[in-house]
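# Observations on the model geometry
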Amino acid sequence: MLDKITILGGLDKNGMPEKVQRLEIAAGEVLAAVGPTGSGKTQLISDIEQYAEEETLTGRSVLINNQPVNKNKDKRSLRYLIAQVSQNMNFVIDMSIEEFLLMHAQVRGIREPARTIEEVLAITNHLSGEPVTFSTNLTQLSGGQSRALMVADVAIISNAPVVLIDEIENAGIDRLQALEILTGQGKIVLVVSHDPTLMLMAGQRVVMKNGGMEKICRTTPKERKILEDLVRVEKQVAGLREHLRRGKSIGLDDNREEDNEKERLVLWQKF
Amino acid sequence: MRFVIVAGTPSSGKTSVMVHTIRHLLRSNLAVAACKIDCLQTSDDARYSRLGIPVAVGLSDYICPDHFYVANLEEIETWAQGQKADVLVLETAGLCHRCAPAVYDCLSVCVIDNLVGVDTPRKVGPMLSSADIVVITKGDIVSQAEREVFRYKVEMENPQARILDFNGLTGQGALALKNEILNCRPLEGISGRELRNPMPAASCSYCAGETIIGKSHQMGIIKKVDFGRGN
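Residues numbered from 1 in each chain as written. Chains lettered and ligands numbered in written order. Predicted model: local features only at pLDDT ≥ 70, side-chain atom pairs only at ≥ 80, totals over all residues. Heavy atoms only, no water.

### So, the overall build of chain A
Heads up, the rule is: Where helices and strands are cited, they refer to DSSP runs of H or I of at least four residues and of E of at least two residues respectively, numbered from the N terminus. Here's how the labels work: a residue is buried when its accessible area is under 20% of the maximum for its type, exposed when over 50%, partly exposed in between, all with a 1.4 Å probe on protein chains only. Residue contacts follow a heavy-atom distance rule, with two residues in contact if any of their heavy atoms lie within 4.5 Å.
Tallying secondary structure elements over chain A gives eight helices and 10 strands in all. Counting the 271 residues in chain A, one finds 48% classified as buried. Counting contacts in chain A only where the partners sit at least 6 residues apart, residues at least 24 apart contribute 69% of the total.

### Observations regarding the overall build of chain B
Stated precisely, the cut-off is as follows: In this setup the radius of gyration rests on C-alpha atoms only. A globule is expected at 2.2 Å times the number of residues raised to 0.38. Working definition of accessibility: Shrake-Rupley area with a 1.4 Å probe, residue cover restricted to the visible protein chains. In this tally, Lys and Arg are treated as positive and Asp and Glu as negative; His is ignored, and so are the chain termini. We put the charge of a Lys on NZ, of an Arg on CZ, of an Asp on CG and of a Glu on CD.
Scanning chain B from terminus to terminus reveals eight helices and seven strands. Its C-alpha atoms give chain B a radius of gyration of 18 Å, within 12% of the compact-globule value 17 Å for 231 residues. With respect to the principal axes defined by its C-alpha atoms, chain B has extents near 60 × 45 × 30 Å. Burial statistics for chain B: of 231 residues in total, 51% are counted as buried. Sequence separation of at least 24 residues holds for 74% of the intrachain contacts in chain B that already meet a minimum separation of 6. A total accessible area of about 10,800 Å² is found for chain B, and carbon and sulfur atoms account for 51% of it. One way to put it: in chain B the 24 positive side-chain charges average out to a point 3 Å from where the 25 negative ones average out.

### Focus on the interface of chain B and chain A
Buried accessible area, meaning the area lost when the parts come together, often serves as the stated size of an interface. Short version of the rule: One side-chain nitrogen of Lys or Arg within 4 Å of one carboxyl oxygen of Asp or Glu is enough to make a salt bridge. Identification of polar contacts relies on pairs of N or O atoms within 3.5 Å, with a donor-acceptor requirement for protein atoms, meaning one able to donate a hydrogen and the other able to accept it, and with residues adjacent in sequence counted only if both atoms are side-chain atoms.
Of the residues lining the interface, 25 residues belong to chain B; the matching set on chain A comes to 31 residues. Across the contact surface, chain B and chain A share one salt bridge. One salt bridge connects Arg108(A) with Glu148(B), and the closest N-O pair in it is separated by 3.4 Å. For the pair chain B and chain A, the interface holds 10 residue pairs in polar contact (both at pLDDT 80 or more). By residue number, the principal contributor to the side of chain B that touches chain A is helix 7 (residues 144–157) of chain B, which donates 10 residues.

### Remarks on the pattern of salt bridges
All names here are of chain B. Summed over the entire model, instances satisfying the criterion amount to 21 salt bridges over all chains. Of the charged contacts, one joins Arg193 and Asp105 as a salt bridge, the two residues approaching to 2.9 Å between their closest N and O atoms. Placement of the pair is Arg193 in the segment after helix 8 (174–183) and Asp105 in the loop between strand 4 (87–91) and strand 5 (107–113), with a sequence separation of 88 residues. Taking relative accessible area as the criterion, Arg193 reaches 32% and is therefore assigned partly exposed. On the basis of relative accessible area, Asp105 is assigned to the partly exposed category, the value being 48%. A salt bridge links Arg151 to Asp165, with the nearest nitrogen and oxygen atoms 3.2 Å apart. Placement of Arg151 in helix 7 and of Asp165 in strand 7 (residues 162–165) is noted, with a sequence separation of 14 residues between them.

### With respect to the domain arrangement of chain A
All names here are of chain A. For clarity, the threshold we go by: Each domain's limits were defined by an automated method or a database of domain assignments. Buried area: the accessible surface (1.4 Å probe) lost by two parts on joining, summed over both.
Here chain A is partitioned into domain 1 (1–81 + 161–219), domain 2 (90–159) and domain 3 (221–251 + 258–271). A separation of 26 Å is found between the C-alpha centroids of domain 1 and domain 2. At the junction of the two partners, domain 1 supplies 15 residues and domain 2 supplies 15 residues. Both faces considered, domain 1 and domain 2 share a buried interface measuring about 1,200 Å² in area, 66% of it formed by carbon and sulfur atoms. Linking domain 1 with domain 2 are zero salt bridges, by the criterion used here. Joining domain 1 to domain 2, the criterion identifies four residue pairs in polar contact (both at pLDDT 80 or more). For the side of domain 1 that touches domain 2, the element with the highest residue contribution is helix 5 (residues 175–184), accounting for four residues.

Encoded structure:
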């Protein structure tokens with residue numbers, strides 16, 4: 001059972017010690033890695049994936065439950081520390097959802113596969129607006145449906161205790177729900193994102209700079225309030241999207257010209 | 001000299017994997033020589049050359065590259081010794097799934113990618129099943145579930161191998177492969193060593209350039225379809 005991951009700081013790109021020398025993430029917590037492109041977010045994730053023991057470029061070490069990892073002794077049991085869901089991932093197998101989930105459940109040694117894959121399907125449809133069925137082919141899924149299925153599968157079938165969410169776009173998946181489902185399963189969730197909503201969904205964020213961990217910020221109560229606003233706006237945008245997708249128009253029965261920025265904002269937020 | 005044999009399915013990223021790994025070896029001040037065996041043409045030698053290491057190319061032309069490879073192992077070893085290499089990386093072409101390049105006492109690496117499909121590990125044969133290390137690439141573009149299923153299928157075919165996930169674009173995984181290379185014992189001469197599996201037969205008239213179809217043009221080892229064995 002994995003309770004905690006600790007990252008002991010190494011060196012930044014200039015060979016100077018990182019400002020953050022100890023970063024801890026507990027089971028059920030969300031950590032966001034933030035910073036501009038090239039600041040070292042991917043390398044941080046990579047260090048965790050490889051159970052770094054001062055041998056990687058950064059010289060960081062990763063402790064699991066306060067213990068260093070014996071890679072040679074435990075290599076089989078350690079293989080899936082991190083499960084990933086990223087924007088670049090696709091399903092490439094030409095198979096129905098049912099066949100594939102059963103295959104994955106068998107590979108993972110799941111005891112009650114039929115019941116388990118029902119659960120995966122239910123979560124998938126909970127996360128994405130457009131429902132899928134067991135007979136839907138994996139390669140026919142939309143971007144949002146694919147991401148939803150990946151999250152549901154990672155939460156229920158993959159046994160990796162750490163989940164990496166990498167640059168998941170806004171459209172088509174309820175990200176707040178996704179994080180709640182993953183953390184509810186006792187997973188550690190790492191989020192790499194440039195999106196303020198995702199950053200604030202995390203309990204803490206590590207700020208990366210020049211290859212090093214620069215600072216740890218805990219999400220403040222005020223930021224949580226802002227998050228609520230952001231989530232509300234996203235819901236409104238999603239509503240607008242649905243409205244337009246269903247072939248409806250706004251303002252057809254209204255002759256008045258709306259050129260005031262503020263009024264326009266209020267107008268689309270109204271429905 | 002450590003003798004590393006790299007095989008794998010076409011376009012799986014063999015050269016990318018080895019270029020990243022050689023960079024790590026060079027950083028540890030080890031001298032590396034690379035040899036690429038291919039069939040008709042290759043540009044992979046240029047990628048190795050950019051590392052500033054000695055590179056040789058063998059083109060098998062009309063001969064099965066696997067047979068060409070095994071018939072040249074002594075010469076390749078002598079060349080690499082002449083280059084004062086600590087590590088020799090010998091990359092084979094990987095054209096058919098029946099390739100069987102692994103040699104006892106050499107480190108045998110098989111590179112295979114997540115895109116080839118979950119049934120492919122079973123089809124690949126000795127190249128995968130007799131490898132010491134299986135490197136799986138392109139995991140960054142398929143779902144986590146597919147990665148797990150694919151890895152499981154690889155384990156089924158080769159339960160002994162150490163399996164490494166590798167990102168050929170970023171080089172993630174190269175450090176682990178470098179450490180595996182450092183852990184393998186240097187080879188005291190390739191002469192007299194044994195292939196781990198026999199190679200596919202290839203000594204018929206078509207191997208030697210015959211182009212006309214028909215029984216009277218077929219000589220050497222000819223195998224015919226057994227039509228009684230249908231399912």
